[in-house]
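# Geometric and topological summary
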Number of protein chains: 2
Amino acid sequence: MRAEKLDGADVLAGKRDEFVLDDVVYLDGNSLGALPAVVPGRVEDVVRRQWGEARIRSWTEGGWWTAPERIGDRIAPLVGAAPGQIVVGDSTSVNVFKALVGAVRLARLDGRDRDEIVVDATTFPTDGYIAESAARMTGCALRPVAPAEVPGVLGDRTAAVLLNHVDYRSGRLHDLPALTAAVHAVGAPVVWDLCHSAGALPVGLDEHGVDLAVGCTYKYLNGGPGSPAYLYVRGESQDRFDSPLPGWNSHAEPFGMRSGYEPAAGAVRGRVGTPDILSMLALEAALEVWDGVTVDAVRAKSLALTDFFLECVEAYVPEGRVECVTPRAHAERGSQIALRCADAGDVMERLIRRGVVGDFRRPDVLRFGFTPLYVGFGDVERAARVLAEVLAE
Amino acid sequence: MRAEKLDGADVLAGKRDEFVLDDVVYLDGNSLGALPAVVPGRVEDVVRRQWGEARIRSWTEGGWWTAPERIGDRIAPLVGAAPGQIVVGDSTSVNVFKALVGAVRLARLDGRDRDEIVVDATTFPTDGYIAESAARMTGCALRPVAPAEVPGVLGDRTAAVLLNHVDYRSGRLHDLPALTAAVHAVGAPVVWDLCHSAGALPVGLDEHGVDLAVGCTYKYLNGGPGSPAYLYVRGESQDRFDSPLPGWNSHAEPFGMRSGYEPAAGAVRGRVGTPDILSMLALEAALEVWDGVTVDAVRAKSLALTDFFLECVEAYVPEGRVECVTPRAHAERGSQIALRCADAGDVMERLIRRGVVGDFRRPDVLRFGFTPLYVGFGDVERAARVLAEVLAE
């Protein structure tokens, strides 16, 4: 009854029809977003007509060449960025490398020998691995610190700080405005990883003065498996952004075939090599589901979904069987709920067999992602109910 | 008549039916290969069933996770490599960075302070730009030298050498065995860029002891626009390969989510972030056209095609109107013919309007690529005839 009423009042309910879904409750959109219905036809056109018939002409006439910045501009409003600051391409890991090395180089422009990169100690591992490489290759030490403790370790040595907006495991939302301000107070740039926030909640890159940001597009942006990531370089820093991966796509005159490198102006400077067009144009089509959607509406529904899930879990699941790892406070919650449970791996397998798909993160976390564009309150109630059944077995 | 006879004797003639082609003479497969007919259906399956229906399960059950090394093994015989040494992913530029930094680190394992990277001065520009960054980030000087002069500049300072197997502009084939041996004689590793040779002629990576190699897959391998590139790391060097882009996909236990980086064994160590599955699996389908084809047969036809093109150009085009930039000697020729022509840009536009598609490389080069799997001798004759007509206008 509650679920029906909530679904009836859901202003985003109609968006569900724009996705290919079945009777599974899909709560893994924070890992791989569901397929937007517009994508298959678009991909077919890209393959059969643009590649198969127009072939090489599509690079110019078909808009392939400018896709990275065009699609970047399509993502921009979802993360609070004005146009001209985002390019799409490469993986998140590769973009973390560009952003972090670029940040260290920005920090050193004042001539001071800053030599410490601060990185979220709880980060999704790849950011930490890449940060270690970036530190090694820029002569920095790497300092892993929990996000809440970051302000206490900043100082004259700080060359750059790499943080996650939402923790991939716990679903905790970090305070981007306050942490950005703290990093700026010591004169260093900050790099935000938006993988688990973009498309789920307001980010406000421009508003909060973020220097650089990266994110993937296959979670809440539904771009498809391994769809290209993106890089944000704040407008005012672009002419000083010095990429460690200066491929020909970022040259001021890429078809001049000149032996000397001269970086392009603007976001294009973040490009590297030839963009993977199939994945890129599938993403472009997938972004059409955002037409007419505000991030505020998405955030409101996301919080309502996670609130309702917690309420249902409390009502159905025997006390003490699971422990919620995700903060209760809205200001500290992303769009997922993580439940600690001793036998989480086994429980998730059984949930999936019963048509409730979340994922398991070692050693003991059940992760449920709530994508407001296609998850309804009825799904949420069912997921909690099936979880309770599985835990009672 | 000559053309008909040659086509009649062509053992690869039947392969043309495995591509989507029209009445255009497509001599730009050295830029973007034509669409293999098997690709559209496969991509549709990847999008609609693997992503749309199986969703996240496809990462394991659908073979997505292991695609980079599986497809690498499919490319391996085309470049003379045993299995387990190639991974597919990222762009060529990003792979040049991994390979070149990795090469410098290999060279320094003996404790000597090698500090010079030698790079082909005539290279496609991106290799030079990336080499400059790799040099800067490893404390090396960059020394651009024409390939023929490379042996003369090698010495104790040499940290790594980056060379192109076939020159992108002139179509000149460089002597991979001799140059590799020369680099090895000073104890340094060599990185070969195979963009313009893989799929067109024998490479022999294993046979000639090449240390590292990279290449794109959208030219003679027909993987589609911006399809992922590949990285070869010689088996015996893999456990010492130290990637500057150690993303989570190259971790020994990627789903262990450990904060410390521990590199995987084997070719997997060359991976970085989440692979772009749509482009990757389109490439996998495209590689099926190689079933039953030997590289030697491809090379034989390639030389016959370019010989015949030169013969037709000499017969039809007024003397002195164009000058062949590509070497006449088979041992020095790739699978393209480059003709210098003062008004090359304008000439190519007119050729394309008349159904002969090559490309123009500034300032004055007409480039014609011959893909033996789908270009016939009749196409070659027609291209030369139309060229003569255009030049006579």
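The preceding data block contains the structure.
First things first, this report covers the structure right here in the doc. In this text the structure is predicted, and so the values were computed from the model without any measurement.

### Quick notes on the overall build of chain A
- When helices and strands are tallied, chain A shows eleven helices and 15 strands.
- Over its C-alpha atoms chain A spans a radius of gyration of 22 Å, differing by no more than 12% from the 21 Å that the globule rule assigns to 393 residues.
- Each principal axis of the C-alpha distribution contributes one length, and for chain A these read about 65 × 60 × 35 Å.
- When burial is assessed residue by residue, chain A has 64% of its 393 residues classed as buried.
- Residue pairs at least 24 apart in sequence account for 72% of intrachain contacts in chain A once pairs closer than 6 positions are excluded.

### Regarding the packing of helix α3 (residues 67–75) of chain A against helix α8 (residues 277–286) of chain A
Residue and element names in this part refer to chain A.
- Packing of α3 against α8 leaves a shortest axis separation of 10 Å and a crossing angle of 25°. In terms of their interaxial angle, α3 and α8 are classed as roughly parallel. Regarding α3 and α8, the two cross each other, and that crossing is left-handed. Residue-level contacts link Ala67, Pro68, Arg70 and Ile71 of α3 to Met280, Leu281, Leu283 and Glu284 of α8.

### Observations regarding the relation of the copies chain B and chain A
- By a simple turn and slide, chain B fits onto chain A: the slide is 0.0 Å along the axis, the RMSD is 0.0 Å, and the turn is 180°. Taken together, the rotation and translation describe the operation of a two-fold axis.
- An overlap of 100% is found between the interface residues of chain B and their copies at the interface of chain A, pointing to a shared contact surface.

### Thoughts on the interface of chain B and chain A
- Across the contact, 76 residues belong to chain B and 76 residues belong to chain A.
- A buried area of about 6,100 Å², summed over both sides, lies between chain B and chain A, and 65% of it is on carbon and sulfur atoms.
- Three residues, Trp51, Arg55 and Tyr129 of chain B, lead the burial of chain B against chain A; their summed loss comes to 14% of the area buried on that side.
- The partner of Asp242 of chain A in a salt bridge is Arg136 of chain B, with the nearest N and O atoms 2.6 Å apart.
- For the pair chain B and chain A, the number of links is 21 residue pairs in polar contact (both at pLDDT 80 or more).
- Looking at the side of chain B that touches chain A, the elements with two or more residues in it are α2 (39–51), α4 (92–107), α5 (125–138) and α8 (277–286) of chain B.
- The element contributing the most residues to the side of chain B that touches chain A is α5 of chain B, with nine residues.
- Among the residues forming the side of chain B that touches chain A, the class breakdown is 40 nonpolar, 20 polar and 16 charged.

### Considerations on the pairing of strand β15 (residues 365–369) of chain A
Residue and element names in this part refer to chain A.
- For β15, the tally of buried residues reaches five of five residues, placing the bulk of the element in the interior.
- By the alternation rule, side chains of β15 split into Val365, Arg367 and Gly369 and Leu366 and Phe368, which are all buried.
- Looking at chain direction, strand β12 (residues 336–340) and β15 are connected through five bridges and run antiparallel. Bridge assignment links Ile337 to a residue of β15, and that residue is Phe368.

### Examining the packing of aromatic side chains
- Taken as a whole and assessed by the stated rule, the structure comprises 25 aromatic pairs over all chains.
- An aromatic cluster of at least three residues, connected via ring pairs, comprises Trp59, Trp64, Trp65, Trp248 and Phe255 of chain A together with Phe124 and Tyr168 of chain B.
- Across the ring face of Tyr26 of chain A, the terminal group of Arg55 of chain B is positioned such that the distance to the ring centre comes to 4.7 Å.
- Stacked on the ring of Trp65 of chain B, the Lys or Arg Arg271 of chain B has its end atom at 4.8 Å from the ring centre.

### Quick notes on the pattern of salt bridges
- Scanning the model with the defined rule gives 72 salt bridges over all chains in all.
- Where Asp359 of chain B meets Arg361 of chain B, a salt bridge forms, and the shortest distance between an N and an O atom there is 3.8 Å. Both residues of the pair, Asp359 of chain B and Arg361 of chain B, belong to the buried class.
- Here the salt bridges do not stand alone but share partners, grouping Asp346, Arg350, Arg354, Glu389 and Glu393 of chain A into one network.

### Quick word on the sheet that holds strand β5 (residues 158–164) of chain B
Residues and elements named next belong to chain B.
- Strand order in the open sheet made by the seven strands is β2-β8-β7-β6-β5-β3-β4, with mixed pairing throughout. Both edges of this open sheet fall to β2 (86–88) and β4 (141–145), since each of them pairs with a single strand only. Direction aside, the axes of adjacent strands within the sheet are offset by 15° on average.
- Inspection of the sheet shows strand β6 (residues 190–193) paired to strand β7 (residues 212–215) by three bridges, in the parallel sense. Opposite Asp193, over in β7, you have Val214 as the bridge partner.
- In the packing of helix α7 (residues 176–185) onto the sheet, contacts are made with β5 and β6, and the angle to β6 comes to roughly 155°.

### Examining the sheet that holds strand β11 (residues 323–324) of chain A
Residues and elements named next belong to chain A.
- Overall, antiparallel pairing links the four strands, which are arranged β11-β12-β15-β14 in an open sheet. Every other strand in the sheet has two partners, leaving β11 and β14 (359–361) as the edge strands with one partner each.
- Summarising the sheet, β14 and β15 pair through three bridges and their orientation is antiparallel. Across the sheet, Arg361 pairs through a bridge with Val365, a residue of β15.
- Sheet strands in contact with helix α9 (residues 295–316) are β11, β12 and β15, and its direction is about 30° off that of β12.

### Overview of unusual backbone geometry
All names here are of chain A.
- Pro363 follows Arg362 through a cis peptide bond whose omega is 0°.
- Note on placement: Pro363 falls in the loop between β14 and β15.
- Look at Met257: it is not a glycine, yet its phi comes out positive at around 55°.
- Here Met257 shows up in the loop between β10 (230–233) and α8.

### Structural notes on the environment of Asp167 of chain B
Residue and element names in this part refer to chain B.
- Residue placement: Asp167 occurs in the loop between β5 and α7.
- Here the alpha-carbon distance between Asp167 and Pro147, two residues 20 residues apart in the chain, equals 9.8 Å.
- Residue contacts for Asp167: discarding those within four places in its chain leaves Thr122, Arg172, His174 and Gln336.
- At 2.8 Å, the side chain of Asp167 and the backbone nitrogen of Ser170 are in polar contact.

### Description of the environment of Ser279 of chain A
- Along the chain, Ser279 of chain A turns up in helix α8.
- Since its relative accessible area comes to 2%, Ser279 of chain A is described here as buried.
- When the C-alpha positions of Ser279 of chain A and Ala178 of chain A are compared, they lie 35 Å apart, and in sequence the two are 101 residues distant.
- With near-sequence residues (within four places) excluded, Ser279 of chain A lies in contact with Ser227 and Pro228 of chain A together with Asp276, Leu278 and Ser279 of chain B.

### Overview of the nonpolar core
- The biggest cluster of nonpolar side chains holds 208 residues, and the ones touching the most others in it are Val79 and Phe309 of chain A together with Val79 and Phe309 of chain B.
- Leaving out residues up to four positions away in the same chain, Phe309 of chain B has contacts with Ile337, Leu339, Phe368, Phe370, Val380, Ala383 and Ala384 of chain B.
- One finds Leu106, Ala159, Leu162 and Val214 of chain B within the second-largest nonpolar core, a separate group that totals 60 residues.

### Focus: the state of the cysteines
Residue and element names in this part refer to chain A.
- Per the stated rule, a full pass over the model turns up zero disulfides over all chains.
- Cysteine Cys216 shares no disulfide, and the gap to the nearest cysteine sulfur, in Cys195, comes to 3.9 Å.
- Assessed through its relative accessible area of 3%, Cys216 is described here as buried.
- In this model Cys341 remains outside any disulfide bridge; the closest cysteine sulfur is found in Cys324, 13 Å from its own.
- Cys341 sits in the buried class, given a relative accessible area of 1%.

Reading guide: rules and limits
- Residues numbered from 1 in each chain as written.
- Chains lettered and ligands numbered in written order.
- Predicted model: local features only at pLDDT ≥ 70, side-chain atom pairs only at ≥ 80, totals over all residues.
- Heavy atoms only, no water.
- Helix = DSSP H or I, 4+ residues; strand = E, 2+ residues; numbered from the N terminus.
- Rg over C-alpha atoms; globule rule 2.2 N^0.38 Å.
- Buried < 20%, exposed > 50% of the residue type's maximum accessible area, 1.4 Å probe, protein only.
- Contact = heavy atoms within 4.5 Å.
- Axes fitted to C-alpha atoms, helices over the stretch in contact; angles between N-to-C directions.
- Parallel < 35°, antiparallel > 145°, perpendicular 65-115°, else oblique.
- Left-handed = near helix turned anticlockwise from the far one by under 90°.
- Least-squares fit on C-alpha atoms with pLDDT ≥ 70 in both.
- Buried area = accessible area lost by both parts, 1.4 Å probe.
- Salt bridge = Lys/Arg side-chain N within 4 Å of Asp/Glu carboxyl O.
- Polar contact = N/O pair within 3.5 Å; in protein donor to acceptor, adjacent residues only side chain to side chain.
- Nonpolar A, V, L, I, M, F, W, Y, C, P; charged D, E, K, R; others polar.
- Pairing = 2+ DSSP bridges.
- Phe/Tyr/Trp six-rings, centres within 6.5 Å; stacked < 30°, edge-to-face > 60°.
- Lys NZ or Arg CZ within 6 Å of the ring centre and 35° of its normal.
- Core = buried A, V, L, I, M, F, W, Y, C linked by side-chain atoms within 4.5 Å.
- Disulfide = S-S within 2.5 Å.

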